[in-house]
Amino acid sequence: MNLNIKKIIDETYDKVKVIKDGKVASYIPQLAKVDPNIFAISFVDTKGNMYSIGDSDSKVAIESISKLFTFSKAVHKFGENTLLEKIGVGGSSLPFNSIIAALESKTHTINPFVNQGAIATTSLFYDKNHKKFKNEILNNLNIFAGKQLKLGEKIYHSESETNNTNMALAYILKSFNRFYGQVPSSVDVYTHQCSVLVSSKDLALMGSVITNNGIHPKTKKHILKPEHCQFIKRALRPAGLYEFSNTWIVKTGCVAAKSGVGGGILILIPDIGTLAIVSPPLDEYGNSVKGIKAGEIITNKLLHFCNKNKKHKKAKKKTKKKTKKKNKKKKYKNQFKKTLKKYRARK
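Here goes a summary of the coordinates provided. (Residues numbered from 1 in each chain as written. Predicted model: local features only at pLDDT ≥ 70, side-chain atom pairs only at ≥ 80, totals over all residues. Heavy atoms only, no water.)

### Things to note about unusual backbone geometry
Inference 1: Phi angles above zero are rare outside glycine, and Glu 63 is one such case at about 50°.
Inference 2: Its place among the elements puts Glu 63 in the loop between β3 (60-61) and α2 (65-78).
Inference 3: Using a relative accessible area of 4% as the deciding quantity, one classes Glu 63 as buried.
Inference 4: Residues other than glycine seldom take positive phi values, yet Ile 110 does so here, at roughly 70°.
Inference 5: Among the structural elements, Ile 110 can be located in the loop between α4 (99-104) and α5 (115-123).
Inference 6: By relative accessible area, Ile 110 is classed as buried at 2%. (Helix = DSSP H or I, 4+ residues; strand = E, 2+ residues; numbered from the N terminus. Buried < 20%, exposed > 50% of the residue type's maximum accessible area, 1.4 Å probe, protein only.)

### Topic: the packing of aromatic side chains
Two descriptors summarise a pair of aromatic rings, namely the distance from one centre to the other and the angle between the planes of the rings.
Inference 1: If you walk through the whole model with that rule in mind, you get eight aromatic pairs.
Inference 2: With a centroid separation of 4.7 Å and an interplanar angle of 5°, the aromatic rings of Tyr 13 and Phe 39 are classed as stacked. Pair noted here: Tyr 13 is in helix α1 (residues 5-16) and Phe 39 is in the loop between α1 and β1 (40-45), with a separation of 26 residues, a long-range link. Of the two residues, Tyr 13 and Phe 39, both sit in the buried class.
Inference 3: Between Phe 78 and Phe 125 the ring centres are 5.4 Å apart and the planes differ by 50°, which places this aromatic pair in the tilted class. One end of the pair, Phe 78, is in helix α2; the other, Phe 125, is in the loop between α5 and α6 (130-145), and 47 residues separate them in sequence.
Inference 4: Judged by relative accessible area, which is 3%, Phe 125 ranks as buried.
Inference 5: Cluster of aromatic residues (ring-pair linked, three or more members): Phe 71, Phe 113 and Phe 231. (Phe/Tyr/Trp six-rings, centres within 6.5 Å; stacked < 30°, edge-to-face > 60°.)

### Description of the pattern of salt bridges
Inference 1: One pass over the full model with this rule turns up 10 salt bridges.
Inference 2: Here Glu 136 ties to Lys 73 by a salt bridge, and the two come within 3.6 Å at their closest N and O atoms. On the criterion of sequence distance, the pair formed by Glu 136 in helix α6 and Lys 73 in helix α2 is long-range, its members being 63 residues apart.
Inference 3: Looking at Glu 136, the relative accessible area reads 24%, which means it is partly exposed.
Inference 4: Relative accessible area serves as the criterion here: at 19%, Lys 73 is assigned to the buried category.
Inference 5: Between Asp 188 and Lys 134 there is a salt bridge whose closest N-O contact spans 3.3 Å. Within this pair, whereas Asp 188 is found in helix α9 (residues 183-194), its partner Lys 134 is found in helix α6, the two being separated by 54 residues in sequence. For the pair Asp 188 and Lys 134, one class covers both residues: buried.
Inference 6: Each of Lys 59, Lys 147 and Asp 202 takes part in one network of salt bridges that share partners. (Salt bridge = Lys/Arg side-chain N within 4 Å of Asp/Glu carboxyl O.)

### Quick look at the side chain of Ser 186
Inference 1: Position of Ser 186 among the secondary structure elements: in helix α9.
Inference 2: Those residues in contact with Ser 186 that lie beyond four places of it in its chain are Thr 122, Ser 123, Tyr 126, Phe 133, Phe 179 and Gly 181. (Contact = heavy atoms within 4.5 Å.)

### Topic: the sheet that holds strand β6 (residues 264-269)
Inference 1: Read from one edge of the open sheet, five strands run β2-β1-β7-β6-β5, paired in antiparallel fashion. Each edge of the sheet is formed by a strand with only one pairing partner; in this case those strands are β2 (50-54) and β5 (256-259). Neighbour-to-neighbour, the strand axes of the sheet open up by a mean angle of 10°, direction not taken into account.
Inference 2: Relative to β6, β5 is paired through four bridges, and the arrangement is antiparallel. Among the inter-strand pairings, Ala 257 is bridged to a residue of β6, identified as Ile 267.
Inference 3: Each of β5 and β6 touches α2; the most contacted strand, β6, lies at about 50° to it. (Pairing = 2+ DSSP bridges. Axes fitted to C-alpha atoms, helices over the stretch in contact; angles between N-to-C directions.)

By themselves, these figures tell us nothing about what the structure is for.
Next comes the structure, spelled out in C-alpha cells:
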C-alpha cells in the first residue's frame, strides 16, 4: 500500500487556502504588520524527505513554538523529574498569559507551554553573563533547525516594549519561589527566543527531531534521548494549542501539536512524520485558523492510512501464516502417501 503524501497535502492546501477567517495578532504592534496572505505547508517524513507547498520560504516569528525547544533542552539537561518539580505539567482553562491562572494554580508555573511556565523554563538556564545566557537559548534553536536562524529585530524590540504582562507573571512566580533567575534578564531572553524568524520548512525540520526520537533528519546528530522525546510529547499533548488543546486531542487522537501567535503550527505525527503550517490569521485562542484546519485534515488522513496499512499488514501476515500451515500440512500428507506407497510395494 502506497501513501501519496504529496497528493494529500496538495488537495488540503487547495481546500484551505480560500478560508478568510481569523485576524493577525495585534497586541504586539509589529506582528500586526505581518502579511496575512502567507500560507505554507511543509512535511518531513521519518527518513528526512521533505515536501512543501505555498510560501514555504516566508518567515514569521516562532513565538510560542520556541517553548517546545527550550523545554526539550531543559529535559535533556536537567532531567524529567526536575522539570516535573520545578515547572509541572498541569492544565489550565484560562488564556496562556493569565495572571489569575498564575496566582490560583497550585504550582503557579502550570506547564512549560503557557507563558508563566515557559518563562520559568527559560530562567532555568540563567547566567549572570547576559550575552552567554541569550546565546545558549538561541543556539539551541539553531541546533534543532540545523542552521543559523535569524532574529526578527523589529519584532524583538516591539515585544520588549509590550511585555509588561510577562514581567508581571515572572515577578509573581518569583514571589512564590517558582522562578530561577533574575527577572528582567530571563524575560528578555524569553522575548528574544520568541522573536526568532522561521519558515514552515524550518519548523518541520525542527519538530522532526522529536518525532524521530532525538535524531536530526539532516545533520544526523543525536540531540535528544528517545525516552525524553516520549516525555516531551506526552507533556505537550494536553497544552500545546492553548484552550483548544482538548478539542484537538479528541479530533486527532492524541497527536502532539504546538502553535504560536506568529501563525505557525507544528504537528508531531507518530511513526509518520512532522507537519508544519504557517498562516498568520489567528482564531480566538491564538491558533492559526488555516493551520488548525489543514493540520486536522492532513493528520487524520495520514493516521487513517497508517491504521489501514497496519490492518492490511496484519491480514497479510495472517494469510501467510495460514498458507504456510496449509503447505506444511500438504507436505506431511504427501510424505505419508509416499511412505505408504513404499510400504505396500514391499509387501
